[in-house]
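Each chain, written out:
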Amino acid sequence: MTVTSGSARLGARTLLVEKEKNLGGDCLHFGCVPSKTLIRSAQAYHTMKHSRAFGLPAVEVPPVDFGRIRERIRSVIATIQEHDSEERFCSLGAKVEFGEPEFIDEHSIRLNGRLVSAKTWVVASGSSPSVPPIEGLDKTPYITNKEIFFLDCLPESMVILGAGPIATEMAQAFCRLGTKVSVVQRSGQILSREDKDMADEVMQVLASEGVAFYLNASVVRVKDLGGKREVLIKDHEGKTTALSAERILVGMGRDPNVKGLNLDGVGVELDRKGIKVDARMRTNQKNVYAAGDVTGAFQFTHAAGYEGSVVVSNAIFHFPKKADYTFLPWCTYTDPELASIGMNEKRAKEAGIDYSVFTEAFRDNDRSLAEGESVGRIKMLLDTHEKPIGVQILGHRAGELLSEWVAVLNGKVKLSTLATAVHPYPTLGEINKHVAGAFLSPKVFSGKVRKGLKFFFHLKGRACG
Ligand SMILES: Cc1cc2nc3c(=O)[nH]c(=O)nc-3n(C[C@H](O)[C@H](O)[C@H](O)COP(=O)(O)OP(=O)(O)OC[C@H]3O[C@@H](n4cnc5c(N)ncnc54)[C@H](O)[C@@H]3O)c2cc1C
């Protein structure tokens, strides 16, 4: 949609082809929007249940009526849908056509029984939940992100296969709403892209709220028991455990949506992750571009939007532009959130980069304590030239707090500027200033500086023993 609006507004004759009945894609209908809406409801319910932590009377909370949450999700989607309407694209000058396109050659598609040709094509068909070949899964009812937001009622219990961002967010949200949640993860940590210490802290919070984690565990088979489903798992020592639950949520990664497009038929190269593109988002057929989840790179809405802008720059402006993911931020919307930009320790080690780490804890942030939020910390990585190369924030509203670092890192802002810029008190954002200060203060308050000041201005030193 970024490409459609960008190219239409720049005056290119633009056609947007959509397979589903509505525009908006996974993010609006089955992804970011419903998940964040659900998470907010779960947070509010959690706060109600823990009212005493805020000095308020304990309240008896009735069980959740998932139908009401589902209606709230539908209403938020419907409101946002207005921004993604056919009429809006038409007002920008783009035509929208619904149907299932198929490439005939690298310049033409067949759509609704006719041929449509264009100088440039952009494939931005997104991704779908990956469903691995687990024994018995084809005969057992399971859900994915396509169904989870629209369930008839709150499941009494749920086994989640996978512990990536989607699975982890859903684990906490459903646990908070009252579902007994178990998470099965093949590797030894959840959120495997993140540093283990940060991911472990997220896991501890979720575990303390009641989520059961099975790490280093593989799924042997699943079975439909009628009212319940059984998931047989095996740990790395070969010990098996049978988990039973009303629902199985499969959250084991994403597959690119390439089926039916006949991309290989017209010679567009694909790999396991999706459509292969160069840094300018071009496929091997130079007039066919691809952007978003279908390329399998960074599967976030803002990454798809960014890649779309790279396509517009190359294809419409004819201004060569390469996608650069050095400072691509992201956030996992658990509570506390875990947000990241640039290098974390894991990626720095993989890249062979020497770094130093500076941290600041949320329990030392006055606003955080007032909010009743003391978990988490910020981690800032500096390279050997003392330049920031990455920041991770685990804490309340980490996604919002990361925005300052988006500007600092992209704008090459000096840490001294951040550390001396006045931030309003008391805000969570002060943690950004303070971690920069943690790096600078040993330099400012060094023995050498003290000696110099004593020499020039006759400072008299300590006033107490
Ligand atoms: C539960 C969940 C939560 C998420 N939360 C976040 C989040 O908080 N933040 C974030 O940044 N990302 C989040 N994501 C990821 C985000 O949804 C995707 O990265 C984003 O939607 C990718 O955008 P896209 O344009 O590549 O694909 P989409 O937005 O999915 O758009 C692809 C469009 O192409 C259409 N299409 C598919 N095949 C064809 C075809 N053959 N012909 C014509 N049209 C076709 C689809 O119907 C769809 O409308 C989440 C994902 C999930 C599943």
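Up top is the structure these notes are about.
**Some details on a nonpolar patch on the surface**
Right, so step 1: Together, V449, L453, F455, F456, F457 and L459 make up a nonpolar patch on the protein surface, roughly 650 Å² of accessible area in all.
Right, so step 2: The exposure class assigned to V449 is partly exposed, which follows from its relative accessible area of 35%.

**Quick notes on the sheet that holds strand 13 (residues 240–245)**
Right, so step 1: Judged by pairing direction, the sheet is antiparallel, and its three strands sit side by side in the order 11-12-13 without closing on themselves. The open sheet terminates on both sides in strands that have one partner only, identified here as strand 11 (217–224) and strand 13. Each strand of the sheet is rotated relative to its neighbour by a mean of 25°, with strand direction disregarded.
Right, so step 2: As paired elements, strand 11 and strand 12 (residues 229–235) share seven bridges and run antiparallel to each other.

**Remarks on the state of the cysteines**
Right, so step 1: In the structure shown here, the tally under the stated rule is one disulfide.
Right, so step 2: Between the sulfur atoms of C27 and its disulfide mate C32 the distance is 2.4 Å. What sets the handedness of the C27 and C32 disulfide is the S-S torsion sign, and at about -130° it is left-handed.
Right, so step 3: Accessibility expressed as a relative area gives 23% for C27, which makes it partly exposed.
Right, so step 4: No disulfide involves C175; its nearest neighbouring cysteine sulfur is the one of C153, lying 17 Å away.
Right, so step 5: Of the residues examined, C175 reaches a relative accessible area of 10% and is grouped as buried.

**Focus on the packing of helix 6 (residues 165–177) against helix 7 (residues 196–209)**
Right, so step 1: With their axes 10 Å apart at the nearest point, helix 6 and helix 7 run at an angle of 25° to one another. Here helix 6 lies roughly parallel to helix 7, going by the angle between them. For the pair helix 6 and helix 7, the sense of crossing is left-handed. Residues T168, A171, Q172, C175 and R176 of helix 6 lie in contact with helix 7, whose contacting residues are V202, V205, L206 and E209.
Right, so step 2: Looking at side-chain class alone, the contact of helix 6 with helix 7 contains five nonpolar, two polar and two charged residues.

**Some words on the pattern of salt bridges**
Right, so step 1: Scanning the model with the defined rule gives 24 salt bridges in all.
Right, so step 2: The salt bridge involving D335 is made with R176; its shortest N-O contact spans 3.0 Å. Highlighted residues: D335 in the loop between strand 17 (330–332) and strand 18 (337–342) and R176 in helix 6, separated in sequence by 159 residues.
Right, so step 3: One salt bridge in this structure joins D195 and K379, with 2.9 Å as the shortest N-O distance. Separated by 184 residues along the polypeptide, D195 in the loop between strand 9 (180–184) and helix 7 and K379 in strand 20 (residues 377–382) bring together distant segments of the chain. Taken as a pair, D195 and K379 share a single burial class, namely buried.
Right, so step 4: One salt-bridge network, in which partners are shared between bridges, spans D195, D197, E201, E345, R377 and K379.

**Points about unusual backbone geometry**
Right, so step 1: Between D335 and P336 the backbone carries a cis peptide bond, its omega angle lying at 10°.
Right, so step 2: With respect to the secondary-structure elements, P336 resides in the loop between strand 17 and strand 18.
Right, so step 3: Cis geometry is found at the peptide bond from Y425 to P426, where omega equals -10°.
Right, so step 4: Within the fold, P426 resides in the loop between helix 12 (415–420) and helix 13 (430–444).
Right, so step 5: Positioned with a positive phi, L191 is a non-glycine residue whose angle comes to about 45°.

**Section: the sheet that holds strand 21 (residues 388–395)**
Right, so step 1: Read across the open sheet, the five strands follow the order 17-18-21-20-19; overall the sheet is antiparallel. Each end of this open sheet is capped by a strand with a single partner; those strands are strand 17 and strand 19 (356–361). Strand after strand, the sheet turns through a mean of 15° between neighbouring axes, direction not considered.
Right, so step 2: Relative to strand 18, helix 11 (residues 398–410) is tilted by about 10°, and along the sheet it contacts strand 17, strand 18, strand 20 and strand 21.

**A look at the pairing of strand 3 (residues 102–105)**
Right, so step 1: In this structure, strand 3 lies alongside strand 4 (residues 108–111), joined through three bridges in antiparallel fashion. Among the inter-strand pairings, E102 is bridged to a residue of strand 4, identified as R110.
Right, so step 2: Connecting the antiparallel pair strand 3 and strand 4 is a turn made up of two residues.

**Some words on the nonpolar core**
Right, so step 1: Ranked by size, the top nonpolar core spans 40 residues in total, and within it L38, I148, F174 and L177 carry the most contacts.
Right, so step 2: For this core, the secondary-structure elements that each account for two or more residues are helix 3 (32–49), helix 4 (66–81), strand 8 (157–161), helix 6, strand 9 and helix 7.
Right, so step 3: With seven residues, the single largest contributor to this core is helix 6.
Right, so step 4: The contact partners of F174, leaving out residues within four places of it in the chain, are L38, F66, I148, L151, L154, P155, M158, T179 and V181.
Right, so step 5: Counting residues in hydrophobic clusters, the runner-up holds 24 residues, among them A398, L409, L428 and F439.

Cut-offs applied
Residues numbered from 1 in each chain as written. Predicted model: local features only at pLDDT ≥ 70, side-chain atom pairs only at ≥ 80, totals over all residues. Heavy atoms only, no water. Patch = residues over 30% accessible without salt bridge, like charges linked within 9 Å, V, L, I, M, F, W, Y side chains within 5 Å. Areas by Shrake-Rupley, 256 points an atom, 1.4 Å probe, with all protein chains shown as cover. Salt bridge = Lys/Arg side-chain N within 4 Å of Asp/Glu carboxyl O. Buried < 20%, exposed > 50% of the residue type's maximum accessible area, 1.4 Å probe, protein only. Pairing = 2+ DSSP bridges. Helix = DSSP H or I, 4+ residues; strand = E, 2+ residues; numbered from the N terminus. Axes fitted to C-alpha atoms, helices over the stretch in contact; angles between N-to-C directions. Disulfide = S-S within 2.5 Å. Parallel < 35°, antiparallel > 145°, perpendicular 65-115°, else oblique. Left-handed = near helix turned anticlockwise from the far one by under 90°. Contact = heavy atoms within 4.5 Å. Nonpolar A, V, L, I, M, F, W, Y, C, P; charged D, E, K, R; others polar. Core = buried A, V, L, I, M, F, W, Y, C linked by side-chain atoms within 4.5 Å.

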